[in-house]
Amino acid sequence: GAAMKEELEKFSVAVEIDDDKIIVGNGAKAPTREICSHNDHRIVMATSLLCSRYGGTIEGAEAVNKSWPSYFDVIKGLGIEANINDT
């Protein structure tokens, strides 16, 4: 939970984490720092949607391969822009 909170807060929103939920406040903005995946596919998926709206870069986005290797292809198919740098 702490890593998710840390990364969501980079979008300038208040974040509250309980045992079974995350509450994200209003007023998100473009992050001023790179998002870190913490090698966690859930963080990549959550923050990628915010990045598609506000901009941003996610380091370690390939972590989605753990659970959903075609994730970025799927969201592109929905009209969400994602630029992937395969290195």
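Residues numbered from 1 in each chain as written. Predicted model: local features only at pLDDT ≥ 70, side-chain atom pairs only at ≥ 80, totals over all residues. Heavy atoms only, no water.

## Let's talk about the packing of aromatic side chains
Two aromatic rings are characterised by how far apart their centres lie and by the angle between their planes.
(1) Moving on: A full pass over the atoms with the stated rule returns two aromatic pairs.
(2) Moving on: With a centroid separation of 5.3 Å and an interplanar angle of 70 degrees, the aromatic rings of W68 and Y71 are classed as edge-to-face.
(3) Moving on: For W68, a relative accessible area of 36% corresponds to the partly exposed category.
(4) Moving on: Of the residues examined, Y71 reaches a relative accessible area of 4% and is grouped as buried.
(5) Moving on: Between Y71 and F72, the ring centres sit 5.0 Å apart and the planes meet at 75 degrees, which makes this aromatic pair edge-to-face. Per residue, the accessibility class of Y71 equals that of F72, and both read buried.
(6) Moving on: Within the aromatic cluster, the residues linked to one another by ring pairs are W68, Y71 and F72. (Phe/Tyr/Trp six-rings, centres within 6.5 Å; stacked < 30°, edge-to-face > 60°. Buried < 20%, exposed > 50% of the residue type's maximum accessible area, 1.4 Å probe, protein only.)

## Notes on the nonpolar core
(1) Moving on: With 19 residues, the main nonpolar core has V44, I58, V64, Y71 and F72 as its most contacted residues.
(2) Moving on: Among the secondary structure elements, those contributing two or more residues to this core are α1 (2-8), α2 (41-54) and α3 (71-77).
(3) Moving on: Top contributing element to this core by residue count: α2, with four residues.
(4) Moving on: Not counting the four nearest positions on each side in its chain, V44 is found in contact with S37, I58, G60, A61, A63, V64 and F72. (Core = buried A, V, L, I, M, F, W, Y, C linked by side-chain atoms within 4.5 Å. Helix = DSSP H or I, 4+ residues; strand = E, 2+ residues; numbered from the N terminus. Contact = heavy atoms within 4.5 Å.)

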